[in-house]
Amino acid sequence: MNILLIGSGGREHALAWKISQSNLCTQLYIAPGNPGTAQCGINIDISPQDIQALQNFCLETDVKLVVVGPEAPLVDGITDAFRNENFKHIGILGPSAYAAQLEGSKAFAKKFMQKYQIPTAAYFEVTAINVDKGIEFLQKQKAPYVLKADGLAAGKGVLIIEDIQEATQELKNMLSGKFGKASETVVIEEFLSGMEFSVFALTDGKEYVLLPEAKDYKRIGEGDTGLNTGGMGAVSPVPFVDETMWHKVKERIVKPTIAGLQGEKMDYSGFVFFGLISVNGEPYVIEYNCRMGDPETEVVIPRIEDDIVPLFLDAAQKTLQYQELKTTRFSATTVMMVSGGYPGDFEKHKAISGLDQVTSSMIFHAGTGIKDSALVTSGGRVLAITTLGADFRAAVKTSLANASIINFEGKYYRTDIGFDL
Ligand code: AMP
Ligand code: GLY
């Protein structure tokens, strides 16, 4: 079977690496992919946003399964486009645009959680019409104050502010266009304090299969300081997510969420990413995403021993059966090497060397490109160095040893992934 994977980051390289190992995969195509995915299949130069061109490509090359990596094409309706009569024979892994609002609209997700009694922070939804009520709600909260742009804002739409005056001002700024259309509606939330972690379910909208949990490290600086990034590293498994916690997560969060997908008649094939926080041992949902995480995928996928293509097909065809995945007993850690200056301005096209000297780690390409036949940096997050080890400490050590061998001008990475575990 020919398979098309959409996206171009480290997540997609990890998925491509896994898909290409399946006996069911005849030819893997990646649109647009990166120099890493080119080692697993054929990159094709089509943008994830060009749904029509992707559909034409599927017909021309007899693709039978489409796997969507990032959220943008889902929110834009790629799955709905594949429900058209001419494409019914092609399975697509990714929810409909309506269901993708669980990620695309914070207010939509909060209403869903409230309706299905899924534990989450208390909230109030504000638009220009009820600003006064919003300020009242804000004043009843304890500091710090959490303000979220309703729509997708490239990971920048969440503000956590200590001072009430400043929070009130920011609420007004958001409503008057700080994040454009994305913040015409703002969700004010109660602040939850605890340890964050992520859980992933593959679902067909009725049944689900759980993937290994992970924890990512979002801040640029050591000790979780400085600006937020797309993710500087991740570990799986997460030591504090024990059997008791898994039981609570399944019963209170995963099962009611899947029941909610059915209750709302959502066309949902694909991943549900539960961004969770443990508050004194009790799990709450911070956010949903309708895709896998990045860099979480770079630690979750290498821990799965089963072939994932049959599961992807079952989820796409809505014939999934509950099962426990076979996973390795080893811990996985990934350390993200980024361009100097990231997440602010950074320079691209720096030559990358040393990859041929890496041993005992897997390298997933995130932001790399080819210039004059040489491998160069092309993004903020450049390479994810993943290692399987006896525990996360051993795995981090090996990833760091390899990160020190790989070179490009301005390279930066955190050396403390897992420091808080
Ligand atoms: P989100 O985009 O909703 O995942 O928010 C981004 C980050 O902000 C999360 O990963 C948390 O670290 C933090 N955050 C969001 N909502 C809350 C909350 N209600 N309480 C505490 N921290 C939060
Ligand atoms: N690493 C967090 C995310 O993928 O949204």
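This structure is a prediction, so every number in the text was calculated from the model and none was measured. (Residues numbered from 1 in each chain as written. Chains lettered and ligands numbered in written order. Predicted model: local features only at pLDDT ≥ 70, side-chain atom pairs only at ≥ 80, totals over all residues. Heavy atoms only, no water.)

K.L.:
Describe in detail helix H12 (residues 392-405), supporting the description with residues and values.
P.N.:
A rise of 1.5 Å per residue sets the reference length of H12, with its 14 residues, at 20 Å; its end C-alpha atoms lie 20 Å apart and thus fit the reference within 8%. Those residues of H12 that fall on the buried side of the exposure criterion are Phe392, Ala395, Val396, Ser399, Leu400, Asn402 and Ala403. The buried residues of H12 occupy an angular sector of 165 degrees when projected down its axis, which confines them to one face. The outward face of H12, more than 90 degrees from its buried face, is lined by the exposed residues Arg393 and Lys397. Two or three places before Arg393, at the opening of H12, Asp391 has a side-chain oxygen 3.1 Å from that residue's backbone nitrogen. (Helix = DSSP H or I, 4+ residues; strand = E, 2+ residues; numbered from the N terminus. Expected span 1.5 Å × (residues − 1). Buried < 20%, exposed > 50% of the residue type's maximum accessible area, 1.4 Å probe, protein only. Arc of directions from axis to C-beta. Polar contact = N/O pair within 3.5 Å; in protein donor to acceptor, adjacent residues only side chain to side chain.)

K.L.:
I'd like a rundown of the sheet that holds strand E16 (residues 270-279), residues and numbers included.
P.N.:
What holds strands together in a sheet is hydrogen bonding between their backbones, with the strands either parallel or antiparallel. Read from one edge of the open sheet, four strands run E11-E10-E16-E17, paired in antiparallel fashion. One side of each edge strand has no neighbouring strand; the edge strands of this open sheet are strand E11 (208-210) and strand E17 (282-289). Sheet twist, expressed as the average angle between the axes of neighbouring strands with direction ignored, equals 35 degrees. Two strands pair when backbone bridges link them, and strand E10 (residues 195-203) and E16 are joined in this way by nine bridges, in the antiparallel orientation. By the bridge assignment for E16, Met195 is matched with Ser278. (Pairing = 2+ DSSP bridges. Axes fitted to C-alpha atoms, helices over the stretch in contact; angles between N-to-C directions.)

K.L.:
Just give me the short version of the packing of aromatic side chains, but keep the residues and values in it.
P.N.:
One pass over the full model with this rule turns up 14 aromatic pairs. Between Phe112 and Tyr288, the ring centres sit 6.0 Å apart and the planes meet at 80 degrees, which makes this aromatic pair edge-to-face. Of this pair, Phe112 sits in helix H6 (residues 106-115) while Tyr288 sits in strand E17, placing them 176 residues apart in sequence. In terms of burial, Phe112 and Tyr288 fall into one category: buried. Plain terms: the ring middles of Phe200 and Phe273 are 5.1 Å apart, the flat faces sit at 75 degrees to each other, and that makes the pair edge-to-face. Highlighted residues: Phe200 in strand E10 and Phe273 in strand E16, separated in sequence by 73 residues. Classification of Phe200 by relative accessible area gives buried; the value is 0%. Overall, the relative accessible area of 5% leaves Phe273 in the buried class. Taken together, the ring pairs in this structure connect Phe112, Tyr116, Phe274 and Tyr288 into an aromatic cluster. The ring of Tyr217 has Lys215 lying over it, and the distance from NZ or CZ to the ring centre is 4.9 Å. The ring of Phe330 has Arg329 sitting right over it, with the charged end atom 4.5 Å from the ring centre. (Phe/Tyr/Trp six-rings, centres within 6.5 Å; stacked < 30°, edge-to-face > 60°. Lys NZ or Arg CZ within 6 Å of the ring centre and 35° of its normal.)

K.L.:
Quick one: what's the story with the layout of surface pockets, residue by residue and with numbers?
P.N.:
In this model, the second largest pocket occupies a volume close to 390 Å³. Lining the second largest pocket we find 18 residues, and of these Leu211, Pro212, Glu213, Trp246 and Glu324 sit closest to its centre. With three residues, the top contributor of residues to the lining of the second largest pocket is helix H9 (residues 243-263). Its residues assigned to classes, the lining of the second largest pocket comprises 10 nonpolar, two polar and six charged. (1 Å grid on protein atoms, 1.4 Å probe; cavity = no way out; pocket = protein on both sides within 12 Å on 5 of 7 lines; lining within 4 Å. Points joined across faces, edges and corners; volume = space filled by probe spheres on them. Nonpolar A, V, L, I, M, F, W, Y, C, P; charged D, E, K, R; others polar.)

K.L.:
Summarise the sheet that holds strand E5 (residues 91-93); cite the residues concerned and give the values.
P.N.:
Strand order across the open sheet formed by five strands is E3-E2-E1-E4-E5, with parallel pairing between neighbours. Two strands bound the open sheet, and with one partner strand each, they are strand E3 (42-43) and E5. The pairing of strand E1 (residues 2-7) with strand E4 (residues 63-68) spans five bridges and is classified as parallel. Considered in E4, the bridge of Ile6 is made with Val68. Docked against the sheet, helix H1 (residues 10-19) engages E1, strand E2 (27-32) and E4, running at close to 170 degrees with respect to E1. Helix-sheet contacts for helix H2 (residues 51-61) involve E1, E2 and E4, and the interaxial angle to E1 is about 160 degrees. (Contact = heavy atoms within 4.5 Å.)

K.L.:
With reference to specific residues and values, describe the site of ligand 1.
P.N.:
Around ligand 1, a shell composed of 14 residues is seen, among which Lys148, Glu189, Leu192, Glu196 and Glu287 lie nearest. The contact in question runs from a nitrogen atom of ligand 1 to an N or O atom on the backbone of Leu192, over 2.8 Å. For ligand 1, the protein covers 86% of the area, taking 470 Å² as the surface of the free molecule. Those elements that provide at least two residues to the shell around ligand 1 are strand E7 (145-149), strand E8 (158-161) and E17. For the shell around ligand 1, the residue count by class is seven nonpolar, no polar and seven charged. (Near = heavy atom within 4 Å. Areas by Shrake-Rupley, 256 points an atom, 1.4 Å probe, with all protein chains shown as cover.)

K.L.:
Give me the lowdown on a nonpolar patch on the surface, citing residues and values where you can.
P.N.:
Side chains of Val158, Ile160 and Phe191 sit close together on the surface and give an oily, nonpolar patch of about 260 Å² of accessible area. The partly exposed category is assigned to Val158, whose relative accessible area is 39%. (Patch = residues over 30% accessible without salt bridge, like charges linked within 9 Å, V, L, I, M, F, W, Y side chains within 5 Å. Salt bridge = Lys/Arg side-chain N within 4 Å of Asp/Glu carboxyl O.)

K.L.:
Can you break down the packing of helix H7 (residues 131-140) against helix H8 (residues 164-175) residue by residue, with the values?
P.N.:
Two elements in contact, H7 and H8, have axes separated by 11 Å at closest approach and are oriented at 150 degrees. By the angle between their axes, H7 is roughly antiparallel relative to H8. The handedness of the crossing between H7 and H8 comes out as right-handed. For the pair H7 and H8, the contacting residues are Val131, Gly134, Ile135, Leu138 and Gln139 in the first and Ile164, Ala167, Thr168, Leu171, Lys172 and Leu175 in the second. Residue composition of the contact of H7 with H8, grouped by class: seven nonpolar, three polar and one charged. (Parallel < 35°, antiparallel > 145°, perpendicular 65-115°, else oblique. Left-handed = near helix turned anticlockwise from the far one by under 90°.)

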